[in-house]
Amino acid sequence: MESKIVGGGNDTVLLDEIAESLAGAKVRDLLQSVPSDQQALAGEVAYERRRLANPSSVVYGLMYDAYAYSGLCHALIPQAEAGFDQLHIIFTNQLIGTWDPADRRYHARTVLCGSPSIISISGLVEAPARSPEYYFALRGAEAIGLGKESKLELADSFADDCLSYDDQRMTEVVKGYAMQAIAYRLSGDAFCSDPKCRLFNAHWQRELLKAQLGEGPDFCSEHEGFFQRLSKEGVS
Ligand SMILES: [Zn+2]
């Protein structure tokens, strides 16, 4: 999805264009695929504009179509830095989601590899599933009509270990996802099938924590060798 962001050297115009592109990439309904020509609503553009103008405002968890979001970030990379010898990684507090035509809904993603690669901090918390007991407790709490706060409190007591916002382990976890973006750029493949390797594509919180923070070496022997060779021989 191409984004038309030019700015023309004018920061106000640039912010307006980014705000409009963000609003156009926003997932308004998890059950509706965002069309490539989604019209940005004036209120949404104004909201994005306020958010951009105030970098200290911390908002988590808005969802954007991952490819549209990637397209608008790509449009912001200067031509001279867009070559294969440069790697750009965007870290965002917002959710990025990809549309699954099989079950016709958006799914939050932890990382989208490309140019640039995007790592979603909210996605690391929200995308990999928690334990089955958590969802069982959540449904039970819903069935007995508990309020939102009590419901989440009860379900949390059944959750196994999982990442949370402002988790002290987040920085270490993000390093592994940055390595996935690097592996993708260098080999065309971000992920590894070994659940102990930091390139493992975790679908459950417990898998994510084991791959990123578990005992033992960071990478499986294949990827350890791959990164070792690179550090000795460089990128060819
Ligand atoms: Zn591996």
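Above this text you will find the structure in question.
Residues numbered from 1 in each chain as written. Predicted model: local features only at pLDDT ≥ 70, side-chain atom pairs only at ≥ 80, totals over all residues. Heavy atoms only, no water.

**Quick notes on the pattern of salt bridges**
Two side chains bearing opposite charge may form a pair once their charged atoms approach each other closely.
Okay, step 1: The tally for this structure, following the rule as stated, stands at eight salt bridges.
Okay, step 2: In this structure, Arg198 and Glu172 form a salt bridge, with 3.1 Å as the shortest nitrogen-oxygen distance. Residue Arg198 is located in the loop between helix H7 (170-187) and helix H8 (205-213), and its partner Glu172 is located in helix H7; the two are separated by 26 residues in the primary sequence.
Okay, step 3: A residue is classified by how much of its surface remains accessible, and Arg198, at 6% relative accessible area, is buried.
Okay, step 4: On the accessibility criterion, Glu172 (31% relative accessible area) is partly exposed.
Okay, step 5: With a shortest N-O distance of 3.5 Å, Arg198 and Asp218 are connected by a salt bridge. (Salt bridge = Lys/Arg side-chain N within 4 Å of Asp/Glu carboxyl O. Helix = DSSP H or I, 4+ residues; strand = E, 2+ residues; numbered from the N terminus. Buried < 20%, exposed > 50% of the residue type's maximum accessible area, 1.4 Å probe, protein only.)

**Points about the sheet that holds strand S4 (residues 105-109)**
Okay, step 1: The strand order across the open sheet formed by three strands is S1-S3-S4, and the pairing between neighbours is mixed. Strand pairing shows two members of the sheet lacking a second neighbour, strand S1 (63-65) and S4, which therefore form its edges. Each strand axis lies, on average, 45 degrees off the axis of its neighbour in the sheet, ignoring direction.
Okay, step 2: In terms of strand pairing, S1 meets strand S3 (residues 95-100) through three bridges, oriented parallel. Paired with Tyr64 across the bridge in S3 is Ile96.
Okay, step 3: Against the sheet, helix H3 (residues 66-75) engages S1, S3 and S4, with an angle of about 80 degrees to S1. (Pairing = 2+ DSSP bridges. Axes fitted to C-alpha atoms, helices over the stretch in contact; angles between N-to-C directions. Contact = heavy atoms within 4.5 Å.)

Treat this as a map of the structure, not an account of what it does.
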